[in-house]
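Working through the structure, step by step
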Amino acid sequence: MTRQRALILGIMREKCPEHLTADEIFSHARQAMPHIARGTVYRNLKLMELDGEIGHLEMPDGPDRYDANPTPHGHLLCDSCGDLADLPVVGLIRDIESAIGTEVRGYTLTIRYICPKCRAKKRAVRF
C-alpha cells in the first residue's frame, strides 16, 4: 500500500463515522502530506472503492461522500442540515434475496429525514 493510500484510509477511519467528501479528505491529507496532489487523492479513492476497501455514496444535492465502512448498510440523510449517519439494516439482503430468489451483490439505501438535532431546533424556534 502506498503512503498516500495509507494516509487516505487513515483519515477516513479517524473521521469515522463522518462521511467525508473527496475535497475534505484532500484537505486533511494536505495537512499531513503538504505536497500530495488533488488528483492523487481522487485516483486513490476510486481505486480503493474498486478494491472494496471503502464505500462511495452518490449524493443527490451535493458532492459525493466516501464511507470507511465498505460493508453493506444503509444511511440516514438529514434534509435540514445534511448530516449523514450509518443505519445498520440487519437481514435486509437476506430478505430481498428470499423475495427475488437470487443473490444480491450490493445495494444503496439512503433514508431522508429530519435528524433529532434539527427537530429540536425547530421546536425551540416555535416557542
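Described below are features of the structure shown in this document.

Reading the values: rules and limits
Residues numbered from 1 in each chain as written. Predicted model: local features only at pLDDT ≥ 70, side-chain atom pairs only at ≥ 80, totals over all residues. Heavy atoms only, no water. Pairing = 2+ DSSP bridges. Helix = DSSP H or I, 4+ residues; strand = E, 2+ residues; numbered from the N terminus. Expected span 1.5 Å × (residues − 1). Buried < 20%, exposed > 50% of the residue type's maximum accessible area, 1.4 Å probe, protein only. Contact = heavy atoms within 4.5 Å.

Digging into the sheet that holds strand E1 (residues 20-21)
Sheet strands line up and pair through hydrogen bonds in the backbone, either parallel or antiparallel. In space, the 3 strands of this open sheet follow the order E1-E3-E2, with antiparallel pairing throughout. Whereas interior strands pair on both sides, the edge strands pair on one side only; in this sheet they are E1 and strand E2 (55-57). In this sheet, strand E3 (residues 65-67) lies alongside E1 in antiparallel orientation, the contact comprising 2 bridges. Across the sheet, Leu20 pairs through a bridge with Tyr66, a residue of E3.

Here's the deal with helix H1 (residues 3-15)
The terminal C-alpha atoms of H1, which comprises 13 residues, lie 18 Å apart, in line with the 18 Å expected from a rise of 1.5 Å per residue. Those residues of H1 not exposed but buried are Arg5, Leu7, Ile8, Leu9, Ile11 and Met12. On its buried face, H1 sits against E1, helix H2 (22-32), helix H3 (38-50) and E3.

What to know about the side chain of Thr40
Looking at the element boundaries, Thr40 is found in helix H3. Residue classification places Thr40 among the buried residues on the basis of a relative accessible area of 16%. Not counting the four nearest positions on each side in its chain, Thr40 is found in contact with Gln4 and Ile8.

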